[in-house]
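Geometric and topological summary
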Amino acid sequence: MAGNWAPVKRTRTFEEVLARIEQRIAEDGLRVGDRLPGERQLAEQLQVGRSSVREALRVLETLGVVSSSAGRGPDAGAVLTSRPGTALTDLLRLHLGLAGLELSEIIETRLMIEQFAASRAAALRADTTALDLALAAMDAARDAAEFVEHDIAFHCAIADASGNRLIGVIMRSIRDSVRPHAVAAVERLGVGSARLRAEHQLIRDAIASGDAAAAANAVSEHLAHTYDLEL
């Protein structure tokens, strides 16, 4: 593949990885059917974690820009299925635009989205494996920042479990925007907070049991407690 993949220098969020991938697609003149470098190669060239690359590729697949494959060697890497167009730009604009909103506005929007996602996931009796993994990782977190990384994974897993891919894309933009507030909240409540653990467990159990109303209610109570807001 032509061109050099300059490293991401400022932050390692998947939005910047998305922007860099879009840049390379445009500058290298890639066409439908061309293949991007593999996940590991992208992570090394951009100097980011593979999880950031994985998130970026998931968003691109949701937007219909690439089709992922699990091959190795020449078969590794996602295949370009369409040019990014305005969809990717709109997503990045959404992420940047969130920075100018009040925290309460973002949380209220997140509440509406996540209540629906949790109730839908419960109605579908969605697989809770990703939720369980995130819970275990939160239990092992050494500080607030690490805890929030796995908390983000937990809540994005709820969005994914809804079966609506766009909800997952929107949730990832929202969650990254409230990350500093989430870290501050966990520092205030305590990384080992029994209540935080219980709230996440309630959400997981309601989804696993198929109780849509309980799942939506558990999400509402968790967000209200975490951000100390009247919702």
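About the thresholds
- Residues numbered from 1 in each chain as written.
- Predicted model: local features only at pLDDT ≥ 70, side-chain atom pairs only at ≥ 80, totals over all residues.
- Heavy atoms only, no water.
- Axes fitted to C-alpha atoms, helices over the stretch in contact; angles between N-to-C directions.
- Helix = DSSP H or I, 4+ residues; strand = E, 2+ residues; numbered from the N terminus.
- Parallel < 35°, antiparallel > 145°, perpendicular 65-115°, else oblique.
- Contact = heavy atoms within 4.5 Å.
- Nonpolar A, V, L, I, M, F, W, Y, C, P; charged D, E, K, R; others polar.
- Salt bridge = Lys/Arg side-chain N within 4 Å of Asp/Glu carboxyl O.
- Buried < 20%, exposed > 50% of the residue type's maximum accessible area, 1.4 Å probe, protein only.
- Expected span 1.5 Å × (residues − 1).
- Arc of directions from axis to C-beta.
- Polar contact = N/O pair within 3.5 Å; in protein donor to acceptor, adjacent residues only side chain to side chain.
- pLDDT = per-residue confidence, 0-100.
- Core = buried A, V, L, I, M, F, W, Y, C linked by side-chain atoms within 4.5 Å.

1. A few points about the packing of helix 6 (residues 129-139) against helix 10 (residues 194-209)
Helix 10 packs onto helix 6 with a crossing angle of 170 degrees between their chain directions and a minimal axis gap of 11 Å. It follows from the interaxial angle that helix 6 and helix 10 lie roughly antiparallel. Facing Leu131, Asp132, Leu135, Met138 and Asp139 of helix 6, the residues of helix 10 in contact are Arg197, His200, Gln201, Arg204 and Ile207. Here the contact of helix 6 with helix 10 is composed, by residue class, of four nonpolar, two polar and four charged.

2. Some words on the pattern of salt bridges
Summed over the entire model, instances satisfying the criterion amount to nine salt bridges. Here Glu39 and Arg50 are joined by a salt bridge, their closest N and O atoms 3.1 Å apart. Note that Glu39 is positioned in helix 2 (residues 39-46) and Arg50 in helix 3 (residues 50-62), a separation of eleven residues in sequence. Of the charged contacts, one joins Arg110 and Glu114 as a salt bridge, the two residues approaching to 3.0 Å between their closest N and O atoms. With Arg110 and Glu114 both in helix 5 (residues 103-123) and four residues apart, this pair spans about one turn of that helix. Residue Arg110 is classed as buried on the basis of its relative accessible area, which comes to 1%.

3. Some remarks on helix 10
Between its terminal C-alpha atoms helix 10 stretches 22 Å, which fits the 22 Å expected from 16 residues at 1.5 Å a residue. Along helix 10, the residues classified as buried are Leu196, Glu199, His200, Ile203, Arg204, Ala206 and Ile207. For helix 10, the buried positions fall inside an angular range of 160 degrees around the axis, keeping them on one side. Away from its buried face by more than 90 degrees, helix 10 exposes Ala194 and Leu202. Against helix 5, helix 6, helix 7 (144-161), helix 9 (179-189) and helix 11 (212-227) lie the buried residues of helix 10. For helix 10, the side-chain oxygen to backbone nitrogen distance between the N-cap and Arg195 is 3.3 Å, and the N-cap itself is Ser193. Of the residues flanking the end of helix 10, it is Gly210, one or two places downstream, whose phi is positive at about 80 degrees.

4. Some details on the confidence of the model for the protein
This prediction gives the protein a mean pLDDT of 82; 81% of its residues lie at or above 70. When the elements of the protein are averaged for pLDDT, helix 4 (residues 85-97) gives the smallest value, 54, and helix 10 the largest, 96.

5. Observations regarding the nonpolar core
Counting residues in each nonpolar core, the largest one holds 40 residues, and the members touching the most others are Phe154, Ile158, Ile203 and Ile207. Of all the elements in the fold, those that place two or more residues in this core are helix 5, helix 6, helix 7, helix 8 (165-177), helix 9, helix 10 and helix 11. In terms of residue count, the dominant contributor to this core is helix 7 (ten residues).

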